[in-house]
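For reference, the chains in residue letters:
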Amino acid sequence: MTTSAEPSAPSSGPVELVLLEFPRAEFKGEIIAELARLVDAGTIDVLDALLIRKADDGSVEWVEATEGGDDDLARIVGEPAGLLAADDVDAVAEDLAPGSAVGMIIFEHTWARGLTGAVLGAGGRVLDWTRVPAVAIEELSRELEKEN
């Protein structure tokens, strides 16, 4: 996903949508604990989150972070920004295998706020902020090793 920082908002960082697929819809809390660690460290700010589950019979259930009954997740998200909606659920659920789940998380890279502000303060602007997939970096690293 490509995101751009708003030139008129020096205190904002890039925002990303992350989809996390789980072949079995079973969770033990380790993901929420890591999100809490990142939020508490000031690395990210979770703007919205929801979980989509597809039952074995093909029926789809989805729950917003603040409605799932998990106090830790509700604290992390706070008041949802309303960026995720039923249309998003429908698009993801269509390709979801029965018995599996997808977590959708929208978060801001709060660590980048200072950098964005410094660029704007110097008269510049952030033109683009592109996430490079880890697999692309790994492939490039392998190619560079072959050349050396």
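Residues numbered from 1 in each chain as written. Predicted model: local features only at pLDDT ≥ 70, side-chain atom pairs only at ≥ 80, totals over all residues. Heavy atoms only, no water.

## Here's the deal with the pattern of salt bridges
Phase 1 of the analysis: The final tally for this structure, using the stated rule, is 6 salt bridges.
Phase 2 of the analysis: In this structure, E34 engages R37 in a salt bridge whose closest nitrogen and oxygen atoms are separated by 2.6 Å. With E34 and R37 both in helix α1 (residues 30-40) and 3 residues apart, this pair spans about one turn of that helix.
Phase 3 of the analysis: Take R37: its relative accessible area is 46%, and that puts it in the partly exposed class.
Phase 4 of the analysis: The residue R113 makes a salt bridge to D45 at a minimum N-O spacing of 3.9 Å. Placement of the pair is R113 in helix α4 (residues 113-121) and D45 in strand β3 (residues 45-54), with a sequence separation of 68 residues.
Phase 5 of the analysis: Here the residues in one salt-bridge network are D45, E108 and R113, joined through shared partners. (Salt bridge = Lys/Arg side-chain N within 4 Å of Asp/Glu carboxyl O. Helix = DSSP H or I, 4+ residues; strand = E, 2+ residues; numbered from the N terminus. Buried < 20%, exposed > 50% of the residue type's maximum accessible area, 1.4 Å probe, protein only.)

## Thoughts on the nonpolar core
Phase 1 of the analysis: Membership of the largest hydrophobic core comes to 13 residues, with the highest contact counts inside it found for L35, I44, V46, A49, I76, V77 and I105.
Phase 2 of the analysis: Elements with a contribution of two residues or more to this core: α1, β3, α2 (71-77) and β5 (101-108).
Phase 3 of the analysis: Per-element tally for this core: the top contributor is α1, with 4 residues.
Phase 4 of the analysis: In this structure, L35 is in contact with I44, V46, I76 and I105, ignoring residues within four places of it in sequence. (Core = buried A, V, L, I, M, F, W, Y, C linked by side-chain atoms within 4.5 Å. Contact = heavy atoms within 4.5 Å.)

## Some thoughts on the packing of aromatic side chains
Phase 1 of the analysis: Taken as a whole, this structure holds 1 aromatic pair when the rule is applied.
Phase 2 of the analysis: Seen from their ring centres, W111 and W129 are 5.7 Å apart, and the 65° between their planes marks the pair as edge-to-face. Separated by 18 residues along the polypeptide, W111 in the loop between β5 and α4 and W129 in strand β6 (residues 129-130) bring together distant segments of the chain. (Phe/Tyr/Trp six-rings, centres within 6.5 Å; stacked < 30°, edge-to-face > 60°.)

## Here's the deal with the pairing of strand β4 (residues 60-64)
Phase 1 of the analysis: Note: β3 against β4, 5 bridges, orientation antiparallel. Paired with K54 across the two strands is V60, which belongs to β4.
Phase 2 of the analysis: Here β3 hands over to β4 after 5 residues, with G58 in that stretch at a positive phi of 95°. (Pairing = 2+ DSSP bridges.)

## Remarks on the confidence of the model for the chain
Phase 1 of the analysis: Mean pLDDT for the chain: 85, with 90% of residues reaching 70 or above.
Phase 2 of the analysis: Within the model, pLDDT remains below 50 along residues 1-10, and this stretch shows 25 contacts once partners closer than five positions in the same chain are excluded. (pLDDT = per-residue confidence, 0-100.)

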